[in-house]
Amino acid sequence: MKIVLPLPVTLTSLFVVTLTGGAFEPWHLTGPHRKAAMAALGSRRLRLTHHPTPWKPAAVALTPGERRLLRRSRQHLTVSSAAPPHDQPAAVQAARAVARALAQAYGGILADPLTGAVLPAHDPEPTAFHLADGWLGWDVQVHDAATCSPWDPAGIGACDGLMVTSRGLRRFGLPEITLDGAACAHTLCATNLLRTVAARLVAGHLAFAAAHPGARRRAIDDHLPLPPAPLGVRLTPCAPAHSSGGGRRLKVGPAGDAGPVAYLKVGPPAGFTGSLNDWLCATQPPARAAVTSIAA
């Protein structure tokens, strides 16, 4: 089955920089993104907006130190980028490079509301694009009606309350991806699998947009092979819904004429006879030298 994904005319992205001082300070941008940023500054491709009000974070995780810094802030800047898909990821990299320079100059917080993360301002924006460089976040939830609690994952075979959903793929014109119904004890391997799926989807999507700048839609196969495991994953269009118990569930079904695909549910390929937890274990390498973090 083919899944048709729309390619919007413009992709938008936004970063927030909090200001602790009362006056604007000079800032300088250096590095590989300087030329592109300076050429785009002031246009829709790269715009700075001053807000004389404190920033109110929503769904952004802050440490106690960052909250103290935020309480000292009375104003903030937004760095926004609006560019066509075939100009990504260069356009959004230039915007984030400017946001880093501003946060460093003002000693403020650099936040990415889309991923829900605070980024280190002192780190330079990398030259090459890698999805793992803070472009992806994760929403990890346990359904209210789960058969086991996340702090007591005994009985993995009976537990199906875990749902992990990406944050950040919309920035590149893709639906967010989600894995729903795994055991709470499988949070790490579920996130690692989704990270691999996200990297494959973004690489293919950016390559297609660059090769077809005038395209307004792209068809992808619902089966995504993932080496080295021969199983691959099945992608199913779905939309979020709320269960009566208050936990979030996903309504699965073809998008049809209802509009763009909001989410892609990741699951075992057709023909896999085991449970979702069996499949998750099968997708993992037999041994790892080090355990990777959940953070992208």
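Residues numbered from 1 in each chain as written. Predicted model: local features only at pLDDT ≥ 70, side-chain atom pairs only at ≥ 80, totals over all residues. Heavy atoms only, no water.

Regarding the overall build of the chain
So, point 1. When helices and strands are counted, the chain shows five helices and 14 strands.
So, point 2. A total of 296 residues make up the chain; the buried ones form 44% of that total.
So, point 3. Long-range pairs, those at least 24 residues apart, make up 72% of the contacts in the chain between residues at least 6 apart in sequence.
So, point 4. Here the chain has roughly 14400 Å² of accessible surface; of this, 58% comes from carbon and sulfur atoms. (Helix = DSSP H or I, 4+ residues; strand = E, 2+ residues; numbered from the N terminus. Buried < 20%, exposed > 50% of the residue type's maximum accessible area, 1.4 Å probe, protein only. Contact = heavy atoms within 4.5 Å. Areas by Shrake-Rupley, 256 points an atom, 1.4 Å probe, with all protein chains shown as cover.)

Observations regarding the pairing of strand β4 (residues 75–83)
So, point 1. Summarising burial for β4: eight of the nine residues are buried, a large majority.
So, point 2. Here strand β2 (residues 11–19) runs beside β4; their pairing, made up of nine bridges, is antiparallel. Directly across from L19, in β4, lies its bridge partner Q75.
So, point 3. Inspection of the sheet shows strand β3 (residues 47–51) paired to β4 by five bridges, in the antiparallel sense. By the bridge assignment for β4, H51 is matched with H76. (Pairing = 2+ DSSP bridges.)

Details of the environment of A90
So, point 1. Counting through the fold element by element, A90 comes out in helix α3 (residues 90–106).
So, point 2. Residues A90 and A37, spaced 53 residues apart in sequence, show a C-alpha to C-alpha distance of 9.6 Å.

A look at the pairing of strand β8 (residues 162–167)
Taken residue by residue, a regular strand's side chains alternate between the two faces of the sheet.
So, point 1. With respect to burial, β8 is a largely interior element, five of its six residues being buried.
So, point 2. Of the strand pairs in this sheet, β8 and strand β9 (residues 176–182) are connected by four bridges, and their pairing is antiparallel. Residue pairing for β9: L162 is matched across the bridge by A182.

Regarding the sheet that holds β3
So, point 1. With antiparallel pairing, the five strands of this open sheet are ordered in space as β3-β4-β2-β5-β6. Of all the strands in the sheet, the pair left with one neighbour each is β3 and β6 (117–119). Neighbour to neighbour, the strand axes of the sheet diverge by 30° on average, direction disregarded. (Axes fitted to C-alpha atoms, helices over the stretch in contact; angles between N-to-C directions.)

Describing the confidence of the model for the chain
So, point 1. Put simply, the chain has an average pLDDT of 84, and 81% of its residues get 70 or more.
So, point 2. Strand β5 (residues 110–112) holds the highest mean pLDDT among the elements of the chain, 96, whereas strand β13 (residues 248–252) holds the lowest, 53.
So, point 3. Below a pLDDT of 50 lies the segment residues 254–258, which in the model reaches three contacts outside its immediate sequence neighbourhood of four places, other chains included. (pLDDT = per-residue confidence, 0-100.)

Structural notes on the packing of aromatic side chains
So, point 1. A complete count under the given rule lists four aromatic pairs for this structure.
So, point 2. Ring geometry for F129 and W135: centres 5.9 Å apart, planes at 45°, overall tilted.
So, point 3. The exposure class of W135 is buried, given its relative accessible area of 1%.
So, point 4. Arranged with centres 5.5 Å apart and planes meeting at 70°, the rings of F129 and F172 form a pair that is edge-to-face. Placement of F129 in the loop between β6 and β7 (137–142) and of F172 in the loop between β8 and β9 is noted, with a sequence separation of 43 residues between them.
So, point 5. Through pairs of rings, three or more aromatic residues link up here, namely F15, F129, W135 and F172. (Phe/Tyr/Trp six-rings, centres within 6.5 Å; stacked < 30°, edge-to-face > 60°.)

Focus on the nonpolar core
So, point 1. Counting residues in each nonpolar core, the largest one holds 56 residues, and the members touching the most others are I177, L179, V197, V233 and L235.
So, point 2. Not counting the four nearest positions on each side in its chain, V233 is found in contact with L193, V197, D222, H223, L224, L226, V266, G267 and W279. (Core = buried A, V, L, I, M, F, W, Y, C linked by side-chain atoms within 4.5 Å.)

So, unusual backbone geometry
So, point 1. The linkage connecting Q88 with the following residue, P89, adopts the cis geometry, with an omega of 5°.
So, point 2. Within the secondary structure layout, P89 lies in the loop between β4 and α3.
So, point 3. The backbone of A59 shows a phi angle near 60°, a positive value even though the residue is not glycine.
So, point 4. Note that A59 resides in the loop between β3 and α2 (64–71).

A short note on the environment of P213
So, point 1. With respect to the helices and strands, the residue P213 is situated in the loop between α4 (187–211) and β10 (217–221).
So, point 2. Along the backbone, P213 and P84 are 129 residues apart, and their C-alpha atoms lie at a distance of 8.3 Å.

Observations concerning a nonpolar patch on the surface
So, point 1. A contiguous nonpolar patch, built from M38, L41 and L48 and spanning about 210 Å² of accessible area, is present on the exposed surface.
So, point 2. Assignment of secondary structure puts M38 in helix α1 (residues 34–40).
So, point 3. The exposure class of M38 is partly exposed, given its relative accessible area of 34%. (Patch = residues over 30% accessible without salt bridge, like charges linked within 9 Å, V, L, I, M, F, W, Y side chains within 5 Å. Salt bridge = Lys/Arg side-chain N within 4 Å of Asp/Glu carboxyl O.)

Structural notes on the pattern of salt bridges
So, point 1. Per the stated rule, a full pass over the model turns up seven salt bridges.
So, point 2. The closest approach of N and O atoms between D222 and R234, which form a salt bridge, is 4.0 Å. Within this pair, whereas D222 is found in the loop between β10 and β11 (223–224), its partner R234 is found in strand β12 (residues 233–242), the two being separated by 12 residues in sequence.
So, point 3. Judged by relative accessible area, which is 11%, D222 ranks as buried.
So, point 4. We classify R234 as partly exposed; its relative accessible area is 39%.
So, point 5. Bridged by salt links that share partners, the residues R96, R100 and E125 form one connected network.

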